[in-house]
Every structure is written in C-alpha cells, then in structure tokens.
Amino acid sequence: MVPEYDKIHLKFSLNGINYDRDALHEVAYSFIKEGDENEKSIGDFLLDWLDNKELITLYTSGSTGPQKLITVPKQSLVASAIASGNFFGLEPGNTALQCLPTKYISGKIMFVRAMILGLELDYTIPESSPVYDPNKKYDFCAMVPLQLRKCIDRISNFKTLIVGGAAVPTDLVEAIRDLPTRIYETYGMTETVSHIALKALNGPDASDIFKVLEGVSLSVDDRSCLIINAQHLRQEPIVTNDLVELISDTEFRMIGRYDNIINSGGVKLNPEQIESKIQKYLPNRFFVASEPDTELGEKVILVIEGNEGEDYSKSLVDLDKFETPKKIYILKEFVETPTQKIDRSATLKLL
C-alpha cells in the first residue's frame, strides 16, 4: 500500500550531511543564492517539493517533440519512488549517487527516492563522465547510456544501476554482460513520472523483454502502440507512440516508434529495426531516417556522426535491399536535446 504524501517525514542524507524537512529549506535557499547551476536547479526543486501545494510542474525531455510543461500530483512521484524501492529492495541508509539533471524528472525522482526511502544521497555535476569517489560503494544509481559508456571501467562502484533516456546500444549491452553490477534498462517518460518497466541487461535474468512495476498494466491500440494503465501515477491511461510486441498485460518487447515509420515505395520500414542491424558494426552515433523521393515517396537515409572520407559501407551488410540506405550523410556533430539525446529533427535540418 502506498503511503500518503503528507504522512511521510522527509529526512535524508545529502552528500554526507543529514537534513530534516525544515533544514532542507535552508539548504535549498543556500543552493539558489550561492550554488553553481546544478545546485541552483536542486534548490529550485527542493523548494517546489517542500511547499504546501499538492501538484508539481515537470518539463518533458523534448526527445519526441517540443519541450512542454505538465503538472502532476506529488503523490505520483512518491508512488513511483516506492515502486522502484520495492523492486530493487532499497532500504533506509542505502547509498545512492545522483548524476542526472535535476531540471528533468530523471534527476528530480532521484531526490524523491532519497527523501521517501531514506537513502544517503550524493550528488555530482550531471555530465557525460560523472565524477565520483572511486573508493565509495553505492547501492543505487541512474544514468543515461552515454554516462554508462564513459564510466564502464569504474561501474563496479554500483550494486544496482538503471539506464534510461534512450535505448542502450547493442555493443554497450555486450560490454556490460559479465559485469557484477546489476544493470537494468528502463522504460518510462515524464508523463509516467520516471520508469514503469524494466529489463535486465546482464546477469542470469538478462532479457529483451520489459516487465512492469507493481500497479501497472498494459494494452495496445489498433496501431500496436503501447497503452499504459497506472492509476497510482495517472488516473487516465497513457497512449504512447511506441510500437511494441505485447507479451502479456505486464510484459512487452520494444519494436520502435510509430511516428518514425518510413513508407518507401509501399514498403513500410521501421528505422529502429534497421538501426539494430547496424549497431554491432558501427561504433559511431548514428540514426536512420528518410527524405522525400520522386519515385519512392520516401527513401531511407543513414546519418552518422563522424569524419568525412571514412568507409561506413561495411556496417550495412545485414540489411536487405529495402532497408539499405539510399544515401549516407556524415556530420561532424549531432544536435542534442537538453537531456543529451540526439535531436533527430534538428540534426536533419543540418543536411
């Protein structure tokens, strides 16, 4: 049973110092007045969280469209934190590292988990290669795939690590397969206040199937896109544009985005499936998209972050004739969203 928000006494350890609810106000004001950009963001969130309002405003990530503000009950964040805590067996006094931007739900929910579950939380600047004590062990941490890649040689500091914000590339999954740290890929969005499903990327439970957390059930619409039912997070179902293979009402396999489908000469192609065939041959960042074509309507293109003059044709060996890009573009640098995902729309405008 999820406890009520107003009955929870907020107390946790931040960078080794214990704070109760009243003391957190002073910390927040100090961060806003004297802190760096990251600490100012933390301070803003703490003040929002500790006020007497039942609702809190969140920014969406901007990965699938323009950023927007949504308003959700604080109790939804509490319920999400408890569901994660129950799944991972997190207990008061466990240690956690916060290395994600507090402006977005991924960073906010780490602070909520710490406050609600009683975790000892350390925070560090949210950058691609987070800096943390190499001699300290943490029970829990959340990262994006790029951070995991940059930290792979020191990931043993973490007992459990969740990775979200973007799909974890195949080569990175292979690289972590035998690591002792339990690593999970998450599925979720701002509208679900963090993840609602997980799949193990390594260890004996490694799988390509996402399994939902307690209190969540699934269905699909007539497009085969996922519908999320989680009344402890939102009263109404959440209809996504994520194409899935529904295994059961609690399990699914990700296929791709409905709004990314390419219709090339009447053949419908899924960019994510094409990308999965290329990943093992191409270490660079890349994505598959389309552009108008007079004969085909749309033609498949491959956009690679790399250097002109390099031969990338070997990465296409597993593609059939319909999937094979009709054109390859090389860009020195991709445009990113504020959460360091590839901004495909903005990047395509550079071509």
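> I tried to follow unusual backbone geometry on my own but got confused; where do I start?
Keep in mind that most residues, glycine aside, have a negative phi and that most peptide bonds are trans. Its identity is not glycine, yet valine 193 carries a phi of approximately 40 degrees, on the positive side. With respect to the helices and strands, valine 193 occurs in the loop between strand S9 (182-189) and strand S10 (194-200). Located in the positive-phi region is serine 224, a residue other than glycine, with phi close to 70 degrees. Note on placement: serine 224 falls in the loop between strand S12 (217-220) and strand S13 (225-229). With a relative accessible area of 36%, serine 224 lands in the partly exposed category.

> Got a minute to help me understand helix H3 (residues 74-88) in this structure?
Every α-helix carries 3.6 residues per turn, so stepping three or four residues along brings you back to the same face. With 15 residues, H3 ought to run about 21 Å at 1.5 Å a step, and its terminal C-alpha atoms sit 22 Å apart, in line with that. Where burial is concerned, most of H3 is hidden: twelve out of the 15 residues are buried. Taken residue by residue, H3 has Lys74, Ser76, Leu77, Val78, Ala79, Ser80, Ala81, Ile82, Ala83, Ser84, Gly85 and Phe88 as its buried positions. The positive-phi residue at the C-terminal boundary of H3 is glycine 89, with phi of around 65 degrees.

> Which parts of the structure should I look at to understand the confidence of the model for the chain?
The predicted coordinates of low-pLDDT regions are not to be read in fine detail. Predicted confidence across the chain gives a mean pLDDT of 89, with 95% of residues reaching 70 or more. When mean pLDDT is compared element by element in the chain, strand S8 (residues 158-163) scores highest at 98, while strand S1 (residues 11-14) scores lowest at 70. In the predicted structure, residues 1-10 sits below a pLDDT of 50 and forms 24 contacts with residues beyond four places in sequence or in another chain.

Scoring rules and cut-offs
Residues numbered from 1 in each chain as written. Predicted model: local features only at pLDDT ≥ 70, side-chain atom pairs only at ≥ 80, totals over all residues. Heavy atoms only, no water. Helix = DSSP H or I, 4+ residues; strand = E, 2+ residues; numbered from the N terminus. Buried < 20%, exposed > 50% of the residue type's maximum accessible area, 1.4 Å probe, protein only. Expected span 1.5 Å × (residues − 1). pLDDT = per-residue confidence, 0-100. Contact = heavy atoms within 4.5 Å.

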